[in-house]
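# Structural overview for review
The lines below spell out each chain.
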Amino acid sequence: MLPRPFFPLLLRILLFFALLPLPLNPQRLSAQEKPYFVTYSHDLEEPGNLEVESRTDLARPDASTRFAAEATEFEYGLRAWWTTELYLEGQTTPADSTLFTGFRIENRVRPILRELPVNPVLYIEYENISGADKTLLEVVGHDSQSDLAVPNAIARRTMQHEAETRLILSSNLRAWNLSENFIAEKNLGHAPWEFGYALGATRPLATAASPHPCSLCLQNLTAGAELYGGLGDAASLTLARTSHYLAPLLGWQATPSMRLTFSPGFGLTSTALNRVYRIGLAYEFDQFGSRFFARNGGAH
Amino acid sequence: MRRFTLTVLIFLAAALAFAAGPATNPVDRWQRVPPRDHARSNPLAATPETIAAGSQLYRTHCAQCHGPAALGDGRKHPSLRTDHVRSASDGDLEWFLRQGDLAHGMPSWSSLPPTQRWQLIAYLRSLP
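Here's what I pulled together on the structure shown here. Worth saying up front: this structure is predicted, and the values here are computed from it rather than measured. (Residues numbered from 1 in each chain as written. Chains lettered and ligands numbered in written order. Predicted model: local features only at pLDDT ≥ 70, side-chain atom pairs only at ≥ 80, totals over all residues. Heavy atoms only, no water.)

This next bit is on the overall build of chain A. A count of helices and strands for chain A gives 2 helices and 12 strands. Walking chain A from its N terminus toward its C terminus, one meets helices and strands in the order α-β-β-β-β-β-α-β-β-β-β-β-β-β. Residue burial in chain A is summarised as follows: out of 300 residues, 55% are buried. Sequence separation of 24 or more characterises 61% of the internal contacts of chain A that already satisfy a separation of 6 or more. Surface accessibility of chain A: about 12500 Å² in total, with carbon and sulfur atoms responsible for 65%. (Helix = DSSP H or I, 4+ residues; strand = E, 2+ residues; numbered from the N terminus. Buried < 20%, exposed > 50% of the residue type's maximum accessible area, 1.4 Å probe, protein only. Contact = heavy atoms within 4.5 Å. Areas by Shrake-Rupley, 256 points an atom, 1.4 Å probe, with all protein chains shown as cover.)

Pasting the structure below:
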């Protein structure tokens, strides 16, 4: 059961999505994406489609109070081989404050335009976030739960301009997806490169489609797990004092346009949070770009 | 900061150089299919259930581009009721779904389980 202070935030998130102009094109939708929270696969957004996703992390560091961190993600398929994303982030810590913590801009590109046994994707991201940011979109270096226990008034004074790069390797083997991400992150100001990893595997619970429209059927449920953590930094390339998490995943394609994901993550080391609950809610708007680029028939 | 900007520019230039492949003549498309894939036939019988399941998949994944009747939009998104598609073997179509044509906007559908790709092909075969 979720702690009570989280309910107002969750209510606001759900209200936000309830007020979105959903029926832009309600008759369809696709969802190639896997229910990963940290790991990326080689599935990119379909060209012209826009996906809006709310990702909420709920956790409590040992030396602090509970918090809820929210990342709202706008993901757009520029090309079949190029996806771009904007994240807007914030957090609320009961008995402290609620604040906007920054933004990220990210691009993923498939350099090889064929399906291979292992498909590489290049990922580059610019982050402009404050020290109060608590979204766990990646774990690198010596990230620790103590970083998340600093009072907001102090943590927000630090602004971080960071570049994150990933080498994403991903394979679809029959109904399985296996993905490996190698992460290198650099504070553009003054810190050494930090490294991390994310590994994931998912599979739909049924591989054949139903001949009838259905919502709560096994083909729309995807289960899996991801393992992620830090690998130290350039000055201290060691697993000592690094955080690692194991997180089961469950995804539900509730309607053709809406996907729900849930993941209880478990810290595997003393520097990791004991538990982190993640909830994702995504809507996809098909051929969103064609509303603005109709002359060219939308994205192509 | 300047070094980072340069790195980003090199990254994007390299990505564009890799991704901008030569135009593909649709006639040549099936000739690129490996013989082993070309020879494959649909393991699913074309029963009404299989076709209906393929129809559901088509509506979910394909209709947004190729149209509800698979006639395309006359511009970027081609019709699937053409002699070119009919001339393809089951294996050609499965290979193409799996590979996509990323340079020309067709995503790879390797993320669909193989059974669903074959259901989709059964539906495409049922189109007049």
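Now for the packing of helix α6 (residues 90-99) of chain B against helix α7 (residues 114-126) of chain B. Residues and elements named next belong to chain B. The contact between α6 and α7 brings their axes to 10 Å, and the two run at 125 degrees. Taken together, the axis directions place α6 and α7 in an arrangement best described as oblique. The interaxial crossing formed by α6 with α7 has right-handed handedness. In this structure, α6 contributes D90, G91, L93, E94, L97 and R98 to the contact, and α7 contributes R117, W118, L120, I121 and R125. By residue class, the composition of the contact of α6 with α7 is 5 nonpolar, 1 polar and 5 charged. (Axes fitted to C-alpha atoms, helices over the stretch in contact; angles between N-to-C directions. Parallel < 35°, antiparallel > 145°, perpendicular 65-115°, else oblique. Left-handed = near helix turned anticlockwise from the far one by under 90°. Nonpolar A, V, L, I, M, F, W, Y, C, P; charged D, E, K, R; others polar.)

Residue and element names in this part refer to chain A. With respect to the secondary-structure elements, D57 resides in strand β1 (residues 50-59). A polar atom in the side chain of D57 sits 2.9 Å from the backbone nitrogen of L136. Beyond its immediate stretch of four places on either side in the chain, D57 contacts F67, A68, A69, K134, T135, L136, V276, Y277 and R278. (Polar contact = N/O pair within 3.5 Å; in protein donor to acceptor, adjacent residues only side chain to side chain.)

Looking now at helix α4 (residues 48-66) of chain B. Residue and element names in this part refer to chain B. Between its terminal C-alpha atoms α4 stretches only 22 Å, short of the 27 Å expected from 19 residues at 1.5 Å a residue. Along its length, α4 shows its largest kink, about 50 degrees, at T60. Buried residues in α4 make contact with α7. G67 occupies a position one or two residues after α4 and carries a positive phi of about 85 degrees. (Expected span 1.5 Å × (residues − 1). Bend = angle between axes of the 7 residues up to and from the residue.)

Turning to the pairing of strand β3 (residues 82-92) of chain A, a few remarks are in order. Residue and element names in this part refer to chain A. Note: strand β2 (residues 67-79) against β3, 11 bridges, orientation antiparallel. Paired with F74 across the strands is L86, a residue of β3. The turn joining β2 and β3, which pair antiparallel and follow one another in sequence, is formed by 2 residues. Here β3 pairs with strand β4 (residues 98-109) via 11 bridges, running antiparallel. Across the sheet, the residue bridging to T83 is R108, located in β4. In this structure, the hairpin formed by β3 and β4 is closed by a connection of 5 residues, where A95 is found at a positive phi of approximately 70 degrees. (Pairing = 2+ DSSP bridges.)

Phi at R174(A) is positive, roughly 55 degrees, even though this residue is not glycine. Judged by relative accessible area, R174(A) falls into the exposed class, the value being 69%. Phi at A70(B) is positive, roughly 65 degrees, even though this residue is not glycine. The residue A70(B) is located in the loop between α4 and α5 (83-86) in this model.

Formed by 25 residues in total, the largest nonpolar core has its most connected members in W30(B), Y58(B), L93(B), L97(B), L120(B) and L124(B). For this core, the secondary structure elements donating two or more residues are α4, α6 and α7 of chain B. Excluding residues that lie within four positions of it along the chain, L93(B) makes contacts with W30(B), V85(B), A88(B), I121(B) and R125(B). If you look at the next biggest cluster of nonpolar residues, it comprises 17 residues, including Y36(A), A59(A), F67(A) and L148(A). (Core = buried A, V, L, I, M, F, W, Y, C linked by side-chain atoms within 4.5 Å.)

This part covers empty space enclosed by the protein. Under the counting rule described, the total for this entry stands at 3 cavities of 30 Å³ or more. There is about 160 Å³ of room inside the largest cavity. Around the largest cavity, the lining is made up of 18 residues, and of these E33(A), K34(A), T39(A), Y40(A) and R55(A) lie nearest the centre. Looking at the lining of the largest cavity, the elements that each hand over two or more residues are β1, β2 and β11 (258-267) of chain A. For the lining of the largest cavity, the class distribution of residues is 5 nonpolar, 3 polar and 10 charged. Looking at the second largest cavity, its volume works out to about 90 Å³. Lining of the second largest cavity is provided by 13 residues; of these, H42(A), D43(A), L44(A), R110(A) and S108(B) occupy positions nearest its centre. For the lining of the second largest cavity, the per-class residue count stands at 4 nonpolar, 5 polar and 4 charged. (1 Å grid on protein atoms, 1.4 Å probe; cavity = no way out; pocket = protein on both sides within 12 Å on 5 of 7 lines; lining within 4 Å. Points joined across faces, edges and corners; volume = space filled by probe spheres on them.)

To continue, consider the state of the cysteines. Across all of its chains, the model carries 1 disulfide over all chains by this definition. Here C214(A) connects covalently by a disulfide to C217(A), the sulfurs 2.0 Å from one another. The disulfide joining C214(A) to C217(A) has a torsion of about 60 degrees about its S-S bond and is therefore right-handed. C62(B) takes part in no disulfide bond, and the closest cysteine sulfur to it belongs to C65(B), at a distance of 8.7 Å. Residue classification places C65(B) among the partly exposed positions, given a relative accessible area of 21%. (Disulfide = S-S within 2.5 Å.)

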